[in-house]
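Listed here are the chains, written in short residue letters.
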Amino acid sequence: MVNRIIVSSEDQEILDISKELGAEVPFKRPDKLAEDHILDWPVFEHALNFLNDNENYIPDYVVHLRPTAPYRRSQWIDEAIQKLIEEPTADSIRSVSEPEKHPYRMFDISADGFLDPIMKHRHSEPYLLRRQDLPLIYYYNCVIDVAKTETIIQKKSMTGDKILPYYMNSKEVMDIDSLADLEYARRFFETLK
């Protein structure tokens, strides 16, 4: 289902490796779009504008595969795209999993130093519910994002208002946020060789 793989980066080494591995590198990302505080939307707007201006190419859908989630099956990507295609009212789809720790048992600490349940808007004492009474809740796991191009361009959003879920088993989710996560990923990929 995916007909182009395009890498956006300001780092020449990443661009060179991407080319060697068969990805397209039609541009180098501007440095101002590579700073730590930059969110996804302006990066994708830049890429889509470049492709439109230089190739007269506008894709129907954009798949965002974050490098911090290196393990994906191609079947998952195809299924997510197909699900979005089959739901014309949706703006995007994001992969989700059940959380390890349930948010009904989570708190902020108020200005006066007391625990403040973050889910009190859903239940007066959410932290007291029995495990089997907790509602199913999902977290965004960063593995697969698919958006309609019109969502990105017209709504100026990576998700829009109507986001479909692509359910994934949390045991198959790998998201690298720490050195320990990176070491786990290295060991995992060694087992696949």
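All of the points below concern the structure found in this document. (Residues numbered from 1 in each chain as written. Predicted model: local features only at pLDDT ≥ 70, side-chain atom pairs only at ≥ 80, totals over all residues. Heavy atoms only, no water.)

## Observations concerning the pairing of strand E2 (residues 92-97)
- Most of E2 is tucked away, with 6 of its 6 residues classed as buried.
- Burial along E2 is two-sided: the face carrying Ser92, Arg94 and Val96 and the face carrying Ile93, Ser95 and Ser97 are both buried.
- Across 5 bridges, the pairing between E2 and strand E5 (residues 139-148) is antiparallel. In the strand pairing of E5, isoleucine 93 is matched with valine 146.
- The sheet contact formed by E2 and strand E6 (residues 163-167) spans 5 bridges and is parallel. Pairing of serine 92 across the sheet is with isoleucine 163, part of E6. (Buried < 20%, exposed > 50% of the residue type's maximum accessible area, 1.4 Å probe, protein only. Helix = DSSP H or I, 4+ residues; strand = E, 2+ residues; numbered from the N terminus. Pairing = 2+ DSSP bridges.)

## With respect to the environment of leucine 33
- Looking at where leucine 33 falls in the secondary structure, it is placed in the loop between helix H1 (12-20) and helix H2 (40-55).
- Through-space distance from the C-alpha of leucine 33 to that of valine 43 is 6.2 Å; in sequence the pair is 10 residues apart.
- For leucine 33, the contacting residues outside a window of four places in its chain are Ile38, Pro42, Val43 and His46. (Contact = heavy atoms within 4.5 Å.)

## Observations concerning the packing of aromatic side chains
- Scanning all chains against the criterion turns up 8 aromatic pairs.
- For the ring pair tyrosine 71 and phenylalanine 188, a centre distance of 4.9 Å and an interplane angle of 75° mean the geometry is edge-to-face. Linking tyrosine 71 in the loop between strand E1 (61-64) and helix H3 (74-86) with phenylalanine 188 in helix H5 (residues 179-192), this pair joins segments that are 117 residues apart in sequence.
- Through successive ring pairs, a cluster of aromatic residues spans Tyr71, Trp76, Tyr184, Phe188 and Phe189.
- Its end group placed over the ring of tyrosine 57, arginine 4 keeps NZ or CZ at 4.5 Å from the ring centre. (Phe/Tyr/Trp six-rings, centres within 6.5 Å; stacked < 30°, edge-to-face > 60°. Lys NZ or Arg CZ within 6 Å of the ring centre and 35° of its normal.)

## Let's talk about the side chain of aspartate 145
- Inspection of the secondary structure puts aspartate 145 in strand E5.
- Apart from residues lying up to four places away in sequence, aspartate 145 is in contact with Val62, Val63, His64, Arg66, Ile93, Arg94 and Tyr140.

## Examining the sheet that holds E6
- Pairing in this open sheet of 4 strands is mixed, and the strands run E1-E5-E2-E6 from one edge to the other. Only two strands of the sheet have a single neighbouring strand rather than two, namely E1 and E6. For this sheet, the mean inter-axis angle between neighbouring strands, taken without regard to orientation, is 25°.
- Judged from the 4 bridges that link them, E1 and E5 form a sheet pairing that is antiparallel. Bridge assignment links histidine 64 to a residue of E5, and that residue is aspartate 145. (Axes fitted to C-alpha atoms, helices over the stretch in contact; angles between N-to-C directions.)

## A look at the pattern of salt bridges
- Inspection of the entire model under this criterion finds 12 salt bridges.
- Notably, a salt bridge pairs aspartate 145 with arginine 66, separated by 3.1 Å at the nearest N-O pair. One end of the pair, aspartate 145, is in strand E5; the other, arginine 66, is in the loop between E1 and H3, with 79 residues separating them in the sequence. One exposure class covers both aspartate 145 and arginine 66, and it is buried.
- As a salt-bridge pair, arginine 187 and glutamate 183 come within 3.9 Å of each other at their nearest N and O atoms. Of the two residues, arginine 187 and glutamate 183 are both situated in helix H5; the distance of 4 residues between them amounts to about one turn of the helix.
- Its relative accessible area of 48% is what places arginine 187 among the partly exposed residues.
- A cluster of three or more residues bridged by salt bridges with shared partners is formed by Asp40, Arg66, Arg94 and Asp145. (Salt bridge = Lys/Arg side-chain N within 4 Å of Asp/Glu carboxyl O.)

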